[in-house]
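Descriptive analysis of the structure
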Amino acid sequence: MRLYGVVAAGGFRRYATYRVATAAGVFTNTVFGFIVAYTYVALWSERPHLGGYDLPEALTYVWLGQALLMTCAMLGGGFEDELMERIRTGDIAIDLYRPVDLQLWWLAGDLGRATFHLLGRGVIPMVVGGLAFDLALPGSLLVWPAFLLSVVLGVVVSFAVRYLVALCAFWLMDGTGVLNIVWLAGMFFSGMLLPLTLFPGALGEVAQVLPWSALLQVPADIFLGKHTGWGLAGAYAFQAGWAVALLAAGRLVQSAATRKVVVQGG
């Protein structure tokens, strides 16, 4: 496990190198946060308690979304492009013969990336939002570690989805189209545009059980105190269940891809 810790630390340092890009990202997240926040102010002034949130909770949701946008890679920006390129060029064969677990290697690096983005691009927009608006911050200190655990589970779910998509490059000439579809689904079904509780009827019910809701909707609701007691345990179980299922699916696809490489190599 020490090796994967080193890989995670390397992933953190890798993204920390791009300071200008980080500053630009902080500025972009903050500007979009203000745009969405004022849109929510107008919407909630017409429909108070829309979706079960009062205005401070809705605004908190907005700034949590900006903090987790890159942390959970809802629009990509992680390892997937690099992995797909290694598959396309055949360099993945070298990775498969290394005495390390391929999935854990990329997961460790992505956890390092997510940690950097949470600290580098998440904290400042959240602080700015807290200074500019009346946010619904937790009244108990215990909510913060509960929220962070949910964020970690969300990052793992996000990784598992993107890992599966990246592996499709073993069978597709170009997996960019599939990747773009998944990014769009992530933006819509994570609750990035609007909380999933606002989605009508069956669409809302389906959206809340899809894996993307584990990226933002679930962590945000934990932060806002919507999940407590057994409800909190159920939220964790939902995220962990999707993480296990998707990671297992990734291992199955990885095994099939490995056999494909071995046969072609032989």
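Attention here is on the structure that accompanies the text. (Residues numbered from 1 in each chain as written. Predicted model: local features only at pLDDT ≥ 70, side-chain atom pairs only at ≥ 80, totals over all residues. Heavy atoms only, no water.)

Here we look at the packing of aromatic side chains
This is how the line gets drawn: By convention, a stacked pair of Phe, Tyr or Trp rings (six-membered ring in the case of Trp) has centres within 6.5 Å and planes under 30 degrees apart, an edge-to-face pair has planes over 60 apart, and any other such pair is tilted. Only DSSP runs of H or I with at least four residues qualify as helices, and only runs of E with at least two residues qualify as strands; both kinds are numbered from the N terminus onward.
A complete count under the given rule lists 18 aromatic pairs for this structure. Aromatic side chains Phe79 and Tyr163 sit 6.4 Å apart centroid to centroid with 40° between the ring planes, which places their arrangement in the tilted category. Here the residue Phe79 occupies a position in the loop between α3 (55-68) and α4 (80-89), and Tyr163 occupies one in helix α7 (residues 143-167), the gap between them amounting to 84 residues. A connected cluster of aromatic rings, assembled from ring pairs, spans Phe34, Tyr38, Trp63 and Phe133.

Some thoughts on the pattern of salt bridges
What counts here: Just to be clear on terms, a salt bridge is a Lys or Arg side-chain nitrogen sitting within 4 Å of an Asp or Glu carboxyl oxygen. Under the scheme applied here, a residue whose accessible area is under 20% of the maximum for its type counts as buried, over 50% as exposed, and between as partly exposed, the area being computed with a 1.4 Å probe on protein chains only.
Counted under the stated rule, the structure contains nine salt bridges. For Glu80, the salt bridge identified is with Arg162, shortest N-O distance 2.9 Å. Placement of Glu80 in helix α4 and of Arg162 in helix α7 is noted, with a sequence separation of 82 residues between them. Arg162 matches Glu80 in its accessibility class, with the two residues each being buried. Between Asp110 and Arg113 there is a salt bridge; the shortest N-O distance is 2.7 Å. Linking Asp110 with Arg113, this pair stays in helix α6 (residues 102-132), spanning three residues, or about one helical turn. As far as burial versus exposure is concerned, Asp110 and Arg113 are alike and both buried.

A word on the nonpolar core
We count it as follows: Nonpolar cores are built from buried Ala, Val, Leu, Ile, Met, Phe, Trp, Tyr and Cys residues. Side-chain atoms within 4.5 Å join them into one set. When checking whether two residues touch, look at their non-hydrogen atoms; a contact exists if any pair is within 4.5 Å.
Formed by 61 residues in total, the largest nonpolar core has its most connected members in Met74, Leu83 and Tyr163. Looking at this core, the elements with two or more residues in it are α2 (19-46), α3, α4, α6, α7, α8 (176-189), α10 (217-223) and α11 (230-265). Top contributing element to this core by residue count: α7, with twelve residues. Not counting chain neighbours up to four residues away, the residues in contact with Leu83 comprise Ile92, Trp106, Tyr163 and Ala166. Counting seven residues, the second largest nonpolar core, distinct from the first, contains Leu153, Val218, Ile222 and Tyr236.

Observations concerning the packing of helix α1 (residues 2-16) against α6
The condition is simple: Angles here are taken between N-to-C directions and fall from 0 to 180 degrees, while the axes themselves are lines fitted to C-alpha atoms, restricted in helices to the stretch in contact. To sort the angles, those under 35 degrees are grouped as roughly parallel, those over 145 as roughly antiparallel, those from 65 to 115 as roughly perpendicular, and the leftovers as oblique. Crossings are assigned a handedness: left-handed for a near helix turned anticlockwise from the far helix by less than a right angle, right-handed for a clockwise turn. Residue polarity is assigned by list, with Asp, Glu, Lys and Arg as charged and Ala, Val, Leu, Ile, Met, Phe, Trp, Tyr, Cys and Pro as nonpolar; anything else, Gly included, falls into the polar class.
Two elements in contact, α1 and α6, have axes whose closest approach is 7 Å; the angle formed by their N-to-C orientations is 40°. In terms of axis orientation, α1 runs oblique to α6. Helix-helix and strand crossings are classified by hand; for α1 and α6 the assignment is right-handed. Between α1, through Leu3, Tyr4, Val7, Ala8, Gly11, Phe12, Tyr15 and Ala16, and α6, the contact on the second element is made entirely by Leu104, Trp105, Ala108, Gly109, Gly112, Arg113, Thr115, Phe116, His117 and Leu119. Its residues assigned to classes, the contact of α1 with α6 comprises twelve nonpolar, five polar and one charged.

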